[in-house]
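Geometric and topological summary
Each chain is listed here by its residues.
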Amino acid sequence: MLKNTGEPSETVSDVVFRQIRQDIISGALAPGAKIKLEQAKERYSISISSLREILSRLTTENLVLAEGQRGFEVSPASRKELEELADLRTVLETHAIGLSFAAGNLEWEGRIVAAHHKLAAAERKLLAGDASRTIDWVRYDWEFHQAIVSACNSATLMAALSSVFDRFLRYHMLAQSFRGKAVVDDHKLLFELALKRDIEGARAVIRRHVESGVEHVLKSGRIA
């Protein structure tokens, strides 16, 4: 998920990988844009050989396309991919909810409470018209959804969900608008259902939450 700081153990390549990935997800590198190696070398202060390796890594998440001898480009955005990502996110997140709600303890509940508190604070600012809090909302949105499923005890499931969540998020960043009160209400209800361990109720909220997200992006007119 989007992060603002690196870990002390990160290598230069790790940091640049994260920076380029963030730039793609945030829309700073637009869908379909050619990634010119000489320009990218200067922008990210890294060698071209390391840059090629990083871009090749990003192809495994379908965030970058390799064009053979012609280099690399940011993966295009399409309605088809958006709908596929929505389906995959729903499958992964609803499955993780079942596992997490069954295994969650008091510590898990504490993570959910803390994550929702931060998310709700950012959402209040956005509803009041403070668009500068969008980047906070992006980070806190993932932290909240992550907290909900964090007791699933599957690193593989969490990694897959994180990747799909980010790719789905890219479409919301392209839409360039906050979804409003409906998404705030979804988060509040999901928070309450998690603390009640209501698996089916929470799964229903996620399905509606993701479907309404797709509708919001498509209504923006920014995705063909």
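A short tour of the structure in this document, coming up. (Residues numbered from 1 in each chain as written. Predicted model: local features only at pLDDT ≥ 70, side-chain atom pairs only at ≥ 80, totals over all residues. Heavy atoms only, no water.)

**What to know about the overall build of the protein**
Let me state the cut-off plainly: Only DSSP runs of H or I covering at least 4 residues are called helices, and only runs of E covering at least 2 are called strands; the numbering of each starts at the N terminus. A radius of gyration in this sense is built from C-alpha atoms; the matching globule rule multiplies 2.2 Å by the number of residues raised to 0.38. The classification of residues rests on relative accessible area computed with a 1.4 Å probe and restricted to protein chains. Under 20% of the type maximum is buried, over 50% is exposed, and intermediate values are partly exposed.
A count of helical and extended segments in the protein gives nine helices and three strands. Seen in sequence order, the protein has helices and strands lined up from the N terminus as α-β-α-α-β-β-α-α-α-α-α-α. The C-alpha radius of gyration of the protein comes to 18 Å, within 12% of the 17 Å expected for a compact globule of 224 residues. When its C-alpha atoms are laid out on the principal axes, the protein stretches across 55 × 40 × 30 Å. Out of the 224 residues belonging to the protein, those deemed buried represent 48%.

**Here we look at the sheet that holds strand β3 (residues 72-74)**
We apply this condition: Note on pairing: DSSP must find at least two bridges between two strands before they are called paired.
An order of β1-β3-β2 is seen for the three strands of this open sheet, with the pairing classed as antiparallel. Both outer strands of the open sheet, β1 (34-35) and β2 (64-66), are each paired with one neighbouring strand and no more. Pairing of β1 with β3, which is carried by two bridges, proceeds in the antiparallel orientation. Bridge assignment links Lys34 to a residue of β3, and that residue is Glu73.

**Focus: the pattern of salt bridges**
Condition: Salt bridges are defined as contacts in which a side-chain nitrogen from Lys or Arg sits within 4 Å of a carboxyl oxygen from Asp or Glu.
Counted under the stated rule, the structure contains 19 salt bridges. Linking Arg21 and Asp166 is a salt bridge whose minimum nitrogen-to-oxygen distance equals 2.5 Å. Here Asp166 lies in helix α7 (residues 155-175) and Arg21 lies in helix α1 (residues 12-26), a separation of 145 residues in the sequence. Looking at Arg21, the relative accessible area reads 11%, which means it is buried. Of the charged contacts in the structure, one is a salt bridge between Glu83 and Arg79, with a shortest N-O distance of 3.0 Å. Here the residue Glu83 and the residue Arg79 both occupy positions in helix α4 (residues 79-103), the gap between them amounting to four residues, near one helical turn. Take Glu83: its relative accessible area is 34%, and that puts it in the partly exposed class. For Arg79, a relative accessible area of 44% puts it in the partly exposed group. Taken together, the salt bridges that share partners define one network made up of Arg21, Glu61 and Asp166.

**Some words on the packing of α7 against helix α9 (residues 199-219)**
Let me state the cut-off plainly: Orientation is described by lines fitted to C-alpha atoms, with helices fitted over the stretch in contact, and by angles between N-to-C directions that extend from 0 to 180 degrees. Note that the term roughly parallel is reserved for angles under 35 degrees, roughly antiparallel for angles over 145, roughly perpendicular for angles of 65 to 115, and oblique for everything else. Working rule for handedness: look at the near helix, and if it is turned counterclockwise from the far one by less than a right angle, call the crossing left-handed; if clockwise, right-handed. Note on contacts: a residue pair qualifies if any of its non-hydrogen atoms lie within 4.5 Å across the two residues.
At a minimum axis separation of 9 Å, α7 and α9 run at an interaxial angle of 40°. The angle between α7 and α9 falls in the class oblique. Like other packed secondary-structure pairs, α7 and α9 cross with a definite hand, here left-handed. Only Val210, Gly213, Val214, His216 and Val217 of α9 make contact with α7, whose side of the interface consists of Phe168, Tyr171, His172 and Ala175.

**Notes on the nonpolar core**
Threshold: Buried Ala, Val, Leu, Ile, Met, Phe, Trp, Tyr and Cys residues form a nonpolar core when they are joined through side-chain atoms within 4.5 Å.
Formed by 48 residues in total, the largest nonpolar core has its most connected members in Ile112, Phe144 and Ile148. Those elements giving two or more residues to this core turn out to be α4, α5 (106-127), α6 (134-149), α7, α8 (181-196) and α9. Counting residues per element, this core draws most heavily on α7, at 11 residues. If near-sequence neighbours (up to four positions away) are discounted, Ile112 is found in contact with Phe144, Ala147, Ile148, Phe191 and Ala194. Among the nonpolar cores identified, the runner-up in size contains 18 residues, and Leu51, Ile54, Leu58 and Val74 belong to it.

**Section: α9**
Threshold: A helix's residues, less one, multiplied by 1.5 Å, set its expected span. A 3.5 Å cut-off defines polar contacts: any pair of N or O atoms within that distance qualifies, except that in protein one atom must be a possible hydrogen donor and the other a possible acceptor, and neighbouring residues in sequence count only when both atoms are side-chain atoms.
The terminal C-alpha atoms of α9, which comprises 21 residues, lie 30 Å apart, in line with the 30 Å expected from a rise of 1.5 Å per residue. In the core, the buried residues of α9 are packed alongside α4, α6, α7 and α8. The backbone nitrogen of Gly201 has a side-chain oxygen 2.8 Å away, supplied by the residue at the start of α9, namely Asp198. One or two steps after α9, the chain reaches Gly221, where phi turns positive at roughly 75°.

None of the figures reported here should be taken as evidence of function without further support.
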